[in-house]
Amino acid sequence: MMQKITNEELGRPTPEAFAAQPKLPLTVVLDNVRSANNTGAFFRTGDAFGIERLVLCGITGTPPSREIHKSALGAELTVAWEYEADSVEAVERLREAGYTVLAVEQVRGAVSLEELDLESFGGPTARFALVFGNEVDGVRQPVVDRCHGAIEIPQVGTKHSLNVAVSGGVVLWEFFKRLR
């Protein structure tokens, strides 16, 4: 018989142990994400997959925030984050630091997530930054223009996009599998 596992049995690290453990060479940039619930979901997903940090840009909310906490459930205390007013400057800074910056956006020339070849971007030693955009407008064009490339999530339904936090879960899971 299947029985639910208790939180204690899961054996998750303490916040202090989590802070000390190696992180995935992956930073997430949120370009003007308007919903604090979506931002909180990125914190929680980032915690689950052990990303380096979140870069919260423009109108994206920052902790402390009741709305972020509702979906982050404390992950806003375990995932490193910083605020940058301008997403373009954040991307430029990451590029200068040696990151391969990829927009998660439907643009001409985007690579389907399932066909993404990380080796072409420096392989397993590369550091990546993924840019996710506003719930209505996506990643702004000036930000896309400064990225090394773009990733698109394959879809077969009638809607043109996924919720940004759902997109984050899909893409971060794929990077977690490949980079871990």
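Because the structure is a prediction, the values reported are computed rather than measured.

### Side note on the overall build of the protein chain
Stage number 1. A count of helices and strands for the protein chain gives seven helices and seven strands.
Stage number 2. Mapped from its N terminus to its C terminus, the protein chain presents α and β elements in the order α-α-β-α-β-α-β-α-β-β-β-α-β-α.
Stage number 3. Rg of the C-alpha trace for the protein chain: 16 Å, near the compact-globule value of 16 Å for 180 residues, within the 12% margin.
Stage number 4. Across the 180 residues of the protein chain, 45% fall into the buried class.
Stage number 5. Considering only residue pairs separated by 6 or more positions, the protein chain has 85% of its internal contacts joining residues 24 or more positions apart.
Stage number 6. Placing the 18 positive and 24 negative side-chain charges of the protein chain at their respective mean positions leaves the two points 4 Å apart.

### Overview of the packing of aromatic side chains
Stage number 1. On inspection of all chains with the given rule, the structure shows five aromatic pairs.
Stage number 2. Look at Phe-49 and Trp-173: their rings are 5.8 Å apart centre to centre, the planes differ by 40°, and that puts the pair in the tilted class. In this pair, Phe-49 is assigned in helix α3 (residues 36-49) and Trp-173 in helix α7 (residues 164-179), connecting sequence segments 124 residues apart.
Stage number 3. Judged by its relative accessible area of 40%, Trp-173 is partly exposed.
Stage number 4. Through pairs of rings, three or more aromatic residues link up here, namely Phe-49, Trp-173 and Phe-176.
Stage number 5. Over the ring of Phe-18 we find Lys-23; its NZ or CZ atom is 4.2 Å from the centre of that ring.

### Overview of the nonpolar core
Stage number 1. Of all hydrophobic cores here, the largest spans 33 residues; its most connected members are Leu-130, Phe-132 and Phe-175.
Stage number 2. Among the secondary structure elements, those contributing two or more residues to this core are β1 (24-31), α3, β2 (51-57), α4 (66-72), β4 (99-104), β6 (127-133) and α7.
Stage number 3. Per-element accounting of this core gives the leading share, six residues, to α7.
Stage number 4. The contact partners of Leu-130, leaving out residues within four places of it in the chain, are Leu-26, Thr-27, Val-28, Val-29, Leu-102, Val-104, Ile-151, Val-171, Leu-172 and Phe-175.
Stage number 5. Of all hydrophobic cores here, the second largest spans 17 residues; its members include Ala-90, Val-101, Ala-129 and Val-143.

### What to know about the packing of α3 against α7
Stage number 1. Look at α3 against α7: their axes get within 9 Å of each other, and the N-to-C directions meet at 15°. Judged by the inter-axis angle, α3 sits roughly parallel to α7. The hand of the α3/α7 crossing is right-handed. Along the contact surface, α3 presents Asn-38, Ala-41, Phe-42, Thr-45 and Phe-49, while α7 presents Val-164, Ala-165, Gly-168, Gly-169, Leu-172, Trp-173 and Phe-176.
Stage number 2. Of the residues assigned to the contact of α3 with α7, the class counts are eight nonpolar, four polar and no charged.

### Details of α7
Stage number 1. Helix length check: α7, at 16 residues, gives a terminal C-alpha distance of 22 Å against a target of 22 Å (1.5 Å per residue), a fit within 8%.
Stage number 2. The set of residues buried in α7 consists of Val-164, Ala-165, Ser-167, Gly-168, Val-171, Leu-172, Glu-174, Phe-175, Phe-176 and Leu-179.
Stage number 3. Looking at the packing, one finds that the buried side of α7 touches β1, α3, β2, β4, β6 and β7 (149-152).
Stage number 4. The N-terminus of α7 is capped by Asn-163, whose side-chain oxygen sits 2.7 Å from the backbone nitrogen of Ala-165.

About the cut-offs
- Residues numbered from 1 in each chain as written.
- Predicted model: local features only at pLDDT ≥ 70, side-chain atom pairs only at ≥ 80, totals over all residues.
- Heavy atoms only, no water.
- Helix = DSSP H or I, 4+ residues; strand = E, 2+ residues; numbered from the N terminus.
- Rg over C-alpha atoms; globule rule 2.2 N^0.38 Å.
- Buried < 20%, exposed > 50% of the residue type's maximum accessible area, 1.4 Å probe, protein only.
- Contact = heavy atoms within 4.5 Å.
- Lys, Arg positive; Asp, Glu negative; His and termini not counted.
- Charge placed at Lys NZ, Arg CZ, Asp CG, Glu CD.
- Phe/Tyr/Trp six-rings, centres within 6.5 Å; stacked < 30°, edge-to-face > 60°.
- Lys NZ or Arg CZ within 6 Å of the ring centre and 35° of its normal.
- Core = buried A, V, L, I, M, F, W, Y, C linked by side-chain atoms within 4.5 Å.
- Axes fitted to C-alpha atoms, helices over the stretch in contact; angles between N-to-C directions.
- Parallel < 35°, antiparallel > 145°, perpendicular 65-115°, else oblique.
- Left-handed = near helix turned anticlockwise from the far one by under 90°.
- Nonpolar A, V, L, I, M, F, W, Y, C, P; charged D, E, K, R; others polar.
- Expected span 1.5 Å × (residues − 1).
- Polar contact = N/O pair within 3.5 Å; in protein donor to acceptor, adjacent residues only side chain to side chain.

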